Number of protein chains: 2
Amino acid sequence: MRPRVLALSLALCATAAQADEGMWMPSQLPDIARQLRAAGFKGDPADLADLTRAPMNAVVKVGGATGSFVSADGLVLTNHHVAFGVIQYNAKPERDLIGNGFVAADRAAELPANPDFRVLVTTGFDKVTERILQDARGKRGRAYYDAVDSASKTLVAECEREPGYRCSVANMYYGSDFYLIRQLELRDIRLVYAPPDSIGNYGEEIDNFVWPRHSGDFTLLRAYVGKDGKPADYASDNVPYQPPSHLQIATDPVREGDYAMLAGYPGTTFRHRMASEFVQQVQWQLPSRVALYAKMIETIDAAAAGSADAKVSYAAQVKGFKNTLKRAQGELDGLRRSDAVRVRGEDEKAMLAWLDKQADARAIRADIDAAQKVIDAGAATRERDQLLTAIRTQAQLLNAALTVQRLAQERAKPDAQRETGYQQRDEALIAGRLKQVQRRYREPVEKQLLAYLLLQYKRAAQGAQRVAEIERVFPGEDEAALKRSIDAVYAGTGFGEEAARLQAMQADAKTLQSSTDPLLKAAAALSPAFARIEEEGKAREGELLRLRPAYMRALIGYRQSQGRAVYPDANSTLRVSYGAVSSMDPRDGVRYRPLTTVQGIVEKHTGARPFDAPQALREAIAKGDFGSTADPELKTQTVDFLTNLDTTGGNSGSPVLDAQGRLIGLNFDSNWEAVSASWMFDPRYKRAIHVDMRYMRWLMAKVYPAPHLLKEMQLPAE
Amino acid sequence: MRPRVLALSLALCATAAQADEGMWMPSQLPDIARQLRAAGFKGDPADLADLTRAPMNAVVKVGGATGSFVSADGLVLTNHHVAFGVIQYNAKPERDLIGNGFVAADRAAELPANPDFRVLVTTGFDKVTERILQDARGKRGRAYYDAVDSASKTLVAECEREPGYRCSVANMYYGSDFYLIRQLELRDIRLVYAPPDSIGNYGEEIDNFVWPRHSGDFTLLRAYVGKDGKPADYASDNVPYQPPSHLQIATDPVREGDYAMLAGYPGTTFRHRMASEFVQQVQWQLPSRVALYAKMIETIDAAAAGSADAKVSYAAQVKGFKNTLKRAQGELDGLRRSDAVRVRGEDEKAMLAWLDKQADARAIRADIDAAQKVIDAGAATRERDQLLTAIRTQAQLLNAALTVQRLAQERAKPDAQRETGYQQRDEALIAGRLKQVQRRYREPVEKQLLAYLLLQYKRAAQGAQRVAEIERVFPGEDEAALKRSIDAVYAGTGFGEEAARLQAMQADAKTLQSSTDPLLKAAAALSPAFARIEEEGKAREGELLRLRPAYMRALIGYRQSQGRAVYPDANSTLRVSYGAVSSMDPRDGVRYRPLTTVQGIVEKHTGARPFDAPQALREAIAKGDFGSTADPELKTQTVDFLTNLDTTGGNSGSPVLDAQGRLIGLNFDSNWEAVSASWMFDPRYKRAIHVDMRYMRWLMAKVYPAPHLLKEMQLPAE
């Protein structure tokens, strides 16, 4: 009975808020000018279209996330959690920047970031579809993939000839279009202003994904360049970078229903995947992930039950499993709540019916059907492949042996051709991981986990799905037999010793080949199998890269026939979403209001982490001197606010703008109910959480004062 | 810093909602007619003043709670949880009235309640202060108490001379006024309509105290009388009782802000206690209760750690401790949140300042000061007394021995003069408890708990506070010495055997005196000490009964000077509160909406208890056929609603009336945030939770149809 009720309310809500879905390329904004204006945007959408011009070129990539210029002298606003590495890098026992925060008294006091920290300013965004696809046409599978990859690498290399730039090729609409992105790479970044982490990360894990929220999750950095104005490594006499444009922080209040828009670099979404992939995600991928991780947790817990030492060793792995499980369950609950399978299925059915009436239907339909076959082929072995991945990655010592073998193989190639993760620059990291194994591995537990996974694999992989190498290394069909196989592999291995692992890491493929260590031998035997299965996956990927554009063409055409534009799924390129400051009804009888206030900080304060609001903050709240940053209706200081903007991972640090394009908020999280939004945007539940710029202004005016920075950002002193 | 912010918002909110505080005697309603009308009441407050006339005489006492007549043929509406004993009494393996609910097809099918189930209709409410106090005047302490008690017993006995009536004396304003209440005692009560408990108690413990709520916590009973119209025991040819009046269930929608009022029998409140008692409650009583119960739980857990059997034996006791602890912590949090100590303290200070300017100030002030001294005297030994109570009641086997000794002493008196709980009618219960000990007691755990409590007692009771009998039975100042004392008491006792306990229970005081069982001997030695301390408490109680009226006189006078009336603290007599259908902001950023809908039932449904909504209900919700009971704005079926009405335990089953006096809701719970309302009404957090009568009507019309009952209540068939 449930679906019907839910579908009903979904339909009701969708009518009201549907326009808010979408992570639009700036160039698409003129196409949806009518919707933008209807939503309340007061500017000219054409002004937003070019991401190399103001205001979009004020939005920058910071680490894996987003930031924006907020002064003419290169001040960059991003999240406290995005800049956390910079803060940590500068923290010392006698200078607790994490606990106390930081205010640079002047520019000389600004602290250089870790040398690998980057701010990227986009200066070019050009369609290069022809150049990317010209060699790929006529090819299939892995060859198609390689042709695209090779063309991309050539373009990137050409582009990066000019020093100071980083280039990349972005794939839009699943291989339909390709863009060459050129970004100025600023390398001298300095810490300017950070609140204490008990403000910047108030509530920590407990409040993560939670609304109502009370975090001041912001930090100000400054980008520096050489005296010639060009990107440079840190030098004390570098000068502040003068960005091509910067955003102006608003001084007006924020109210429920106000227009809001956000620009940033969302990571990955799956909204335009085929209906069958939605079915797979909801009916198999997520439930099976939940089941597998629950069982792995259970197995480790049982195997470690008798030993406090074993429990400690596996604590981190089990915690990771629990996070994965929780997230998968959250996504599953969300997709079910949104009735995603039915909704996407009906939409695709309607699309195909429309397609069949179009002139070029046949060729497109053929490609779509072929894509479906590739997906089905992958699905045939999905259960086995999921278990093989777990076997390969979750048994710590076996994984270490596999890593050593793979590294030896990759080392035989020129560095540039080695697989990502096995290049020269990765070796220090690998060595670190090999050392780590010491603290994260206990033989009886690993064997038990492996026995469980192998038994599941044997049950899942019947007949032709069996992998010969696995059969050779781990013969046996029942638990007892498998345990004997596993015992044989682990008996007498010296690989449990750190020195042995590090030594093996330095060995070449030939030396490893001749090793008599049973675990290394097993890894050598298994490696080709895992490589082969990886290759099969890449071939499918290449084939889908070739075939998916047909599906996207049908979808875009169908949406056009409905008068609607289609945004490409997120891929870490600059996108804009628009909507409104918005409350939310998480469940019957409960409404989340869109603005939180400092009162909530006091309510949550316990004095113990993560709810240990600093005394200075509590005193300032009690004093109630909120000046120009007080909300005129609530008569107090706001902290965070909620919008219905479309975001995903990577949108951290995105500036939230008002109808006039002024900066009103800083995106830093979304709500738990929206964890399924990477697959489906449900307007009832998708919300984004932002720091209210008035809270930042108040902190900078009254609590940890930085009048010089307020002045630089052309903001009132109080 | 916190108090200031809270006080500020309290002040803001209080202005808006202050008028809603109060559990008024019906006779007071004409005095507050202006406020009632300002709140939206459309009737004449004078019509509500007499609880022996309509509509107040339609409100009846049902079990320990409240109900109301809703038809001319004696239908009584109360909560499912109030009538649960009746449902259970009639349930059989082949007739699962709990799981399936019950609809009596006609009157012949109505099922008789358990014989001790009663419905009481108030027929007299007369002030008898003079008669109660005439002998007490001039007396003090225990003598004052006994004089009041004796006068009350005399009046009750006189009143109960007429068969079919139950009488009682109610003490208003802490001994200021006394009323003789006369109630018709209806003894033939039958079950007419009950929903399945997965509706009536949807959410059970998990949703207890929770809003948003989705319970259909109602049941219909019918009162029968003999053919002569007089109360009678069950007989198949009894006839439905024709109540003097009944309430009419409303058919109009309920909306936020609508006027609402409620009549019922609230149990006990402490709102007019002295400021020093608020200090004691917040600064000592609740924190020390939390600490003591936490320590007792810890002690039992540690002592039972090695033994699954011991864990099971103490599971119920530990669960009870946890409930007590949780409730105390909730009350403490609430009183702190409401800044109760400061608010009450400032109020009392202002009252005393006002008093000092009045003509009769001196005598009143003298009594208030004397009352304060009595309270202080009790406070001097409070820590010791709390521990002695725990020693007396929480060690199961020792408690059994003390019970047996006390019973033997009480048995020496005429039955009517025995202490409550030790009369003839209690002996079966005592025997049952003595048997129970078998399953709830393990010697090592009891000894450990006793060692902990005795050590705390030794630390708390210094010098004169030491109790000689305890010192004799349990000598020793440190844990080791106390353990030896305890070992001596328990060594060789046969009282761990059920037969020995039951045999001892039958023995007279003399036989017990000569027993050589060390535990019985210890209990015999300790009994007089506990009796003495109990006497001291009663003497203080008597003295306060004499002195508190002065405090109340000052308070009432002071309030009068502010133009405000004072309701007496709740004491299980009929009271009326008024207010409105009301949302609530439980914390910053969250608003609880005042109406829940069937959508929430679907959201909460998991298929497993306690969220296992019956299939018939889920199907009816999916069908969406809500007829005349649908909410015109929400376009769906409502379930429960929230008001700011003033309630406490005992208000279960209270009818909630609209501005015209029609029945719109059935009270059944309050919210967790209001757990401190027994001491302080905080308009921000005090809410009451009601079944929306439209939900009951819909269930009776569409889900478990009872058209004949709807017709009897003059309600639409659908």
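Predicted model, so just to flag it, every value in this text is computed and none were measured. (Residues numbered from 1 in each chain as written. Chains lettered and ligands numbered in written order. Predicted model: local features only at pLDDT ≥ 70, side-chain atom pairs only at ≥ 80, totals over all residues. Heavy atoms only, no water.)

### Section: the domain arrangement of chain A
Residue and element names in this part refer to chain A.
Next, step 1: Domain assignment breaks chain A into domain 1 (17-49 + 570-712), domain 2 (66-247) and domain 3 (275-545).
Next, step 2: Between domain 1 and domain 2, the C-alpha centre-to-centre distance is 21 Å.
Next, step 3: Listed as interface residues are 55 residues of domain 1 and, on the opposing side, 48 residues of domain 2.
Next, step 4: Here domain 1 meets domain 2 over a buried area of about 4,100 Å², counting both sides, of which 65% is carbon and sulfur.
Next, step 5: Where domain 1 packs against domain 2, one counts six salt bridges.
Next, step 6: Linking domain 1 with domain 2 are 28 residue pairs in polar contact (both at pLDDT 80 or more).
Next, step 7: Contributions of two or more residues to the side of domain 1 that touches domain 2 are made by β16 (595-597), α22 (598-604), β17 (638-643), β18 (655-657), β19 (663-670), β20 (688-692), α24 (693-703) and α25 (707-712).
Next, step 8: The residue makeup of the side of domain 1 that touches domain 2, split by class, is 31 nonpolar, 16 polar and eight charged. (Domains from an automatic or database assignment. Contact = heavy atoms within 4.5 Å. Buried area = accessible area lost by both parts, 1.4 Å probe. Salt bridge = Lys/Arg side-chain N within 4 Å of Asp/Glu carboxyl O. Polar contact = N/O pair within 3.5 Å; in protein donor to acceptor, adjacent residues only side chain to side chain. Helix = DSSP H or I, 4+ residues; strand = E, 2+ residues; numbered from the N terminus. Nonpolar A, V, L, I, M, F, W, Y, C, P; charged D, E, K, R; others polar.)

### Describing the pairing of strand β19 (residues 663-670) of chain B
The two faces of a sheet get side chains in turn, since along a regular strand they alternate between them.
Residues and elements named next belong to chain B.
Next, step 1: In terms of burial, β19 is a largely internal element, eight of the eight residues being buried.
Next, step 2: For strand β18 (residues 655-657) and β19, the ladder comprises three bridges, and the chain directions are antiparallel. Residue pairing in the sheet places L657 in a bridge with L663 of β19.
Next, step 3: Adjacent in sequence and paired antiparallel, β18 and β19 are bridged by five residues, among which G661 carries a positive phi angle near 85 degrees.
Next, step 4: The sheet contact formed by β19 and strand β20 (residues 688-692) spans five bridges and is antiparallel. From the neighbouring strand, D669 faces β20, where its bridge partner is I689. (Buried < 20%, exposed > 50% of the residue type's maximum accessible area, 1.4 Å probe, protein only. Pairing = 2+ DSSP bridges.)

### A short note on the sheet that holds strand β15 (residues 590-592) of chain A
Next, step 1: Within the open sheet, the four strands sit side by side as β14(A)-β15(A)-β15(B)-β14(B). Their pairing is antiparallel. Of all strands in the sheet, those bounded by a partner on one side alone are β14 (584-587) of chain A together with β14 (584-587) of chain B. Each neighbouring strand pair of the sheet contributes to a mean axis angle of 35 degrees, computed without reference to strand direction. (Axes fitted to C-alpha atoms, helices over the stretch in contact; angles between N-to-C directions.)

### Observations concerning the confidence of the model for chain A
Next, step 1: Mean pLDDT over chain A works out to 93, with 97% of the residues at or above the 70 mark.
Next, step 2: Segment residues 1-19 of chain A: pLDDT under 50, and 27 contacts once partners within four positions in sequence are set aside and those in other chains are kept. (pLDDT = per-residue confidence, 0-100.)

### Topic: the state of the cysteines
Residues and elements named next belong to chain A.
Next, step 1: This model, assessed by the stated rule, comprises two disulfides over all chains.
Next, step 2: Across the disulfide, C159 is cross-linked to C167 (sulfur-sulfur distance 1.9 Å). Because the torsion about its S-S bond is -65 degrees, the bridge between C159 and C167 counts as left-handed. One exposure class covers both C159 and C167, and it is buried. (Disulfide = S-S within 2.5 Å.)

### What about the pairing of β14 of chain A?
Residue and element names in this part refer to chain A.
Next, step 1: In terms of strand pairing, β14 meets β15 through two bridges, oriented antiparallel. Residue M584 lies in a different strand from β15, and its bridge partner there is Y592.
Next, step 2: Here β14 folds back onto β15 in antiparallel fashion, the turn holding two residues, of which G589 has a positive phi close to 90 degrees.

### Some words on unusual backbone geometry
Next, step 1: Note that the residue after A54 of chain A, namely P55 of chain A, is joined by a cis bond; omega there is -5 degrees.
Next, step 2: If you trace the backbone, P55 of chain A turns up in the loop between α2 (33-39) and β1 (59-62).
Next, step 3: Looking along the chain, the bond that leaves W211 of chain B and enters P212 of chain B is cis, with omega of 5 degrees.
Next, step 4: With respect to the element layout, P212 of chain B can be found in the loop between α8 (204-207) and β10 (219-225).
Next, step 5: If you check the backbone angles, Y173 of chain B has positive phi at about 55 degrees while not being a glycine.
Next, step 6: Topologically, Y173 of chain B is positioned in the loop between β7 (165-172) and β8 (177-186).
Next, step 7: Judged by relative accessible area, which is 9%, Y173 of chain B ranks as buried.

### Let's talk about the packing of aromatic side chains
Next, step 1: Tallying each qualifying case throughout the model produces 26 aromatic pairs over all chains.
Next, step 2: Pairing Y293 of chain A with F321 of chain A gives two aromatic rings, centres 5.2 Å apart and planes at 90 degrees, and the pair type is edge-to-face. In this pair, Y293 of chain A sits in helix α9 (residues 275-304) while F321 of chain A sits in helix α10 (residues 308-337), placing the two residues 28 residues apart along the sequence. Across the pair, F321 of chain A and Y293 of chain A agree in class, each one buried.
Next, step 3: Centroid distance F278 of chain B to W679 of chain B: 5.1 Å. Interplanar angle 90 degrees. Geometry classified as edge-to-face. A residue pair is termed long-range when its members are at least 10 positions apart, and F278 of chain B in helix α9 (residues 275-304) and W679 of chain B in the loop between β19 and β20 qualify at 401 residues. Across the pair, W679 of chain B and F278 of chain B agree in class, each one buried.
Next, step 4: Members of the aromatic cluster, each reached through a chain of ring pairs, are F270, F278 and W679 of chain A.
Next, step 5: One Lys or Arg, R182 of chain B, reaches over the ring of Y165 of chain B and ends 4.0 Å from the middle of that ring. (Phe/Tyr/Trp six-rings, centres within 6.5 Å; stacked < 30°, edge-to-face > 60°. Lys NZ or Arg CZ within 6 Å of the ring centre and 35° of its normal.)

### Observations regarding the side chain of D588 of chain B
Next, step 1: Residue placement: D588 of chain B occurs in the loop between β14 and β15 (590-592).
Next, step 2: Of the side chains with opposite charge, R593 of chain A lies nearest to the buried D588 of chain B, which makes no salt bridge, at 7.0 Å.
Next, step 3: Polar side-chain contacts of D588 of chain B include one of 2.6 Å to the side chain of H214 of chain A.
Next, step 4: Beyond its immediate sequence surroundings of up to four residues, D588 of chain B is in contact with P212, H214, T596, T597, G600 and E603 of chain A. (Lys, Arg positive; Asp, Glu negative; His and termini not counted.)

### Topic: the sheet that holds strand β13 (residues 575-580) of chain A
Residues and elements named next belong to chain A.
Next, step 1: An order of β13-β12-β18-β19-β20-β17-β16 is seen for the seven strands of this open sheet, with the pairing classed as antiparallel. The open sheet terminates on both sides in strands that have one partner only, identified here as β13 and β16. Adjacent strand axes in the sheet meet at a mean angle of 30 degrees, parallel and antiparallel pairs treated alike.
Next, step 2: In the sheet, strand β12 (residues 259-264) pairs with β18 via two bridges, with the strands oriented antiparallel. Residue pairing in the sheet places L262 in a bridge with V656 of β18.
Next, step 3: Against the sheet, α24 engages β16, β17, β19 and β20, with an angle of about 30 degrees to β20.

### A short note on the pattern of salt bridges
In a structure, side chains of opposite charge can pair up when their charged atoms sit close to one another.
Next, step 1: All chains considered together, the criterion is met by 122 salt bridges over all chains.
Next, step 2: In this structure, the salt-bridge partner of R593 of chain B is D585 of chain A, at a minimum N-O distance of 2.6 Å. With R593 of chain B in the loop between β15 and β16 (595-597) and D585 of chain A in strand β14, this residue pair bridges two chains.
Next, step 3: On the basis of relative accessibility, which here comes to 30%, the residue R593 of chain B falls in the partly exposed class.
Next, step 4: Across the pair R694 of chain B and D692 of chain B runs a salt bridge, and its minimum N-O distance is 2.8 Å. Taken as a pair, R694 of chain B and D692 of chain B share a single burial class, namely buried.
Next, step 5: The network of salt bridges with common partners includes R406, E410, K413, E419, E534 and K538 of chain A.

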